[in-house]
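# Topology and contacts: notes
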2 protein chains.
Amino acid sequence: MINNLKFNEKGLIPAIVQDADTSEVLMLGYMDEEALRRTLSSGEVWFFSRSRQELWHKGETSGSRIIVHELWKDCDSDTILVRGKPTGPVCHTGNKTCFFQQLTKQDVEASHQGET
Amino acid sequence: MINNLKFNEKGLIPAIVQDADTSEVLMLGYMDEEALRRTLSSGEVWFFSRSRQELWHKGETSGSRIIVHELWKDCDSDTILVRGKPTGPVCHTGNKTCFFQQLTKQDVEASHQGET
């Protein structure tokens, strides 16, 4: 099944992380095949860091690891969903989720005005 | 704010779609800047179809549109989270979510065996 996954041209697949209890979406990371293997075998989330170009055991530095409860793949096998429990704030800003900034219609209008 | 978003080298940004009531993760799609503008201004989800290379009003064919409740961006502005309500099954398979196939440790082991 892991071989059937569709990694992109950089060998990566996006992985959504969702809190297994609250169902809050916490972050989106990218896994290469090795990160996915380690995630499945260790029960903790591993990513491939696109900025550092290396395997990244989430929480290795911050201490906020993510314990895997379930992993799912989507219908066309090019996205992973991790349902898990973080041991601390997932975001490097200290927020529990990386999605803490809302986008509104005004953002489009402001952007349009900026172009004139 | 929309101009501050980081679209990738193909001009796309991944957008997670989550059910606003149940918090179930339904799918991951990709938006270009125009799809995001239309999503924000129309209140329904638009994507950019990578396979067809064209703007895609989600549900235009299937009838399963997604009504936007809230849009969020993540800490580094390279992922969008849509919280919304689908008007029908989101997945082309007829499932309400695209994430209906679970990955397990056995998938890694099976994959390793396949390599020997």
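### Concerning the interface of chain B and chain A
The partner chain A presents 45 residues to the 45 residues of chain B that form the contact. Summing the contributions of chain B and of chain A, the shared interface buries around 4,100 Å²; its carbon and sulfur component is 62%. Considering only the surface of chain B that becomes buried against chain A, Cys75, Phe99 and Leu103 of chain B emerge as the three largest contributors, covering 17% of it. Our enumeration of links across chain B and chain A arrives at 4 salt bridges. Of the charged contacts in the structure, one is a salt bridge between arginine 50 of chain B and aspartate 78 of chain A, with a shortest N-O distance of 3.0 Å. Our count for the contact surface shared by chain B and chain A stands at 14 residue pairs in polar contact (both at pLDDT 80 or more). For the side of chain B that touches chain A, the secondary-structure elements that each account for two or more residues are β1 (13-19), β2 (25-31), α1 (33-42), β5 (66-73), β6 (80-86), β7 (101-103) and α2 (105-115) of chain B. Ranked by residues supplied to the side of chain B that touches chain A, first place goes to α2 of chain B with 6 residues.

### Considering the sheet that holds strand β5 (residues 66-73) of chain A
With mixed pairing, 5 strands are arranged side by side in an open sheet as β2(A)-β1(A)-β6(A)-β5(A)-β7(B). The sheet is open, and its two borders are formed by β2 (25-31) of chain A together with β7 of chain B, each paired with just one other strand. Direction aside, neighbouring strands of the sheet carry axes that sit 30° apart on average.

### Here's the deal with the side chain of aspartate 19 of chain B
Residues and elements named next belong to chain B. Tracing the chain through its elements places aspartate 19 in strand β1. Owing to a relative accessible area of 7%, aspartate 19 belongs among the buried residues under this scheme. Polar contacts involving the side chain of aspartate 19 include one to the main-chain amide nitrogen of aspartate 21, which spans 2.8 Å. In this structure aspartate 19 touches Glu24, Leu26, Arg83, Gly84, Lys85 and Pro86, once residues within four positions along its chain are discounted.

### Overview of the environment of glycine 94 of chain A
The residue glycine 94 of chain A is located in the loop between β6 (80-86) and β7 (101-103) in this model. For the pair formed by glycine 94 of chain A and serine 62 of chain A, sequence separation is 32 residues and the distance between their alpha carbons is 9.9 Å.

### Focus: the state of the cysteines
Counting across every chain of the model gives 0 disulfides over all chains. Of all cysteine sulfurs, the one in cysteine 75 of chain B lies closest to cysteine 91 of chain A, which takes part in no disulfide; the gap is 3.6 Å. No disulfide involves cysteine 98 of chain B; its nearest neighbouring cysteine sulfur is the one of cysteine 91 of chain B, lying 3.7 Å away. With relative accessibility at 7%, the residue cysteine 98 of chain B sits in the buried group.

Rules used throughout
Residues numbered from 1 in each chain as written. Chains lettered and ligands numbered in written order. Predicted model: local features only at pLDDT ≥ 70, side-chain atom pairs only at ≥ 80, totals over all residues. Heavy atoms only, no water. Contact = heavy atoms within 4.5 Å. Buried area = accessible area lost by both parts, 1.4 Å probe. Salt bridge = Lys/Arg side-chain N within 4 Å of Asp/Glu carboxyl O. Polar contact = N/O pair within 3.5 Å; in protein donor to acceptor, adjacent residues only side chain to side chain. Helix = DSSP H or I, 4+ residues; strand = E, 2+ residues; numbered from the N terminus. Pairing = 2+ DSSP bridges. Axes fitted to C-alpha atoms, helices over the stretch in contact; angles between N-to-C directions. Buried < 20%, exposed > 50% of the residue type's maximum accessible area, 1.4 Å probe, protein only. Disulfide = S-S within 2.5 Å.

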